[in-house]
Amino acid sequence: PLADSDNDGIAHEDDKCPNTHGTGSDGCPVVTPEEKAILDLAIRNLYFDTDKDIIKRRSYIYLDKLAELMVTKPNWKVRMTGHTDDRGSDYYNMDLSKRRVEAAMFYLMNRGMKRNQLITEYYGESRPAASNVSERTRKWNRRVEMEFVFE
């Protein structure tokens, strides 16, 4: 018989998520629109003060909902990537993106998520979402992105 270590009925050779039990035809978990909305709201509502790594209180409700979901999905993971605009040195921006991702990571862990559910990456100013030519566009570069990851 072919290997199927996650016991979802899909052999490893056909399973796009061979280490995560899935219910989809590709062997991956099916993310419902409600689950996707929880993640999207957490991303769009994660706020920090300028040049700081302290999460603003208005973000808590959305991070709490994400943590609640992830506690019920112990085999799911979230990749969090930190980004900054181009003001400041490369070193400083890399450090700020790391501190912000880690602030979100520790917040979620304090709400019940396990460390092994979180993948953290930091990019500083190296992956802008928009041009850094004005404050209006620069704000889109100061962000922590999140996505579900299935292995």
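Before any of the text, the structure's been laid out above.
Computed from a predicted model, the values in this text were never measured in an experiment.

## A word on the overall build of the protein
Argument step 1. Helix and strand content of the protein: 4 helices and 3 strands.
Argument step 2. The helix and strand sequence of the protein, counted from the amino end, reads α-α-β-α-β-α-β.
Argument step 3. C-alpha atoms of the protein, sized along the principal axes, occupy 55 × 30 × 25 Å.
Argument step 4. Out of the 151 residues in the protein, the part that is buried amounts to 40%.
Argument step 5. In the protein, once contacts between residues fewer than 6 apart in sequence are set aside, the share between residues at least 24 apart is 59%.

## Brief notes about the nonpolar core
In globular proteins that are soluble, nonpolar side chains generally tend to be buried together.
Argument step 1. If you look at the biggest cluster of nonpolar residues, it comprises 27 residues, and the most contacted ones within it are Met80, Met146 and Phe148.
Argument step 2. The set of elements that each furnish at least two residues to this core consists of α1 (33-44), α2 (60-71), β1 (77-83), α3 (90-110) and β3 (143-149).
Argument step 3. Sorting elements by how many residues they give to this core places α3 first, with 6 residues.
Argument step 4. When residues no more than four places from it in sequence are discounted, the contact partners of phenylalanine 148 are Val31, Glu35, Lys36, Leu39, Leu66, Leu69, Met70, Trp76, Lys77 and Val78.

## Quick look at the sheet that holds strand β2 (residues 118-122)
Argument step 1. Taking strand neighbours across the sheet as the criterion, the 3 strands line up as β2-β1-β3 in an open arrangement whose pairing is mixed. Either end of the sheet is taken by a strand with one partner, and the two such strands are β2 and β3. In this sheet, adjacent strand axes meet at a mean angle of 20 degrees when their direction is disregarded.
Argument step 2. In this sheet, β2 lies alongside β1 in parallel orientation, the contact comprising 5 bridges. Looking at the pairing, arginine 79 lines up with isoleucine 119 of β2.

Conventions we followed
- Residues numbered from 1 in each chain as written.
- Predicted model: local features only at pLDDT ≥ 70, side-chain atom pairs only at ≥ 80, totals over all residues.
- Heavy atoms only, no water.
- Helix = DSSP H or I, 4+ residues; strand = E, 2+ residues; numbered from the N terminus.
- Buried < 20%, exposed > 50% of the residue type's maximum accessible area, 1.4 Å probe, protein only.
- Contact = heavy atoms within 4.5 Å.
- Core = buried A, V, L, I, M, F, W, Y, C linked by side-chain atoms within 4.5 Å.
- Pairing = 2+ DSSP bridges.
- Axes fitted to C-alpha atoms, helices over the stretch in contact; angles between N-to-C directions.

Purely geometric numbers; function is a separate question.
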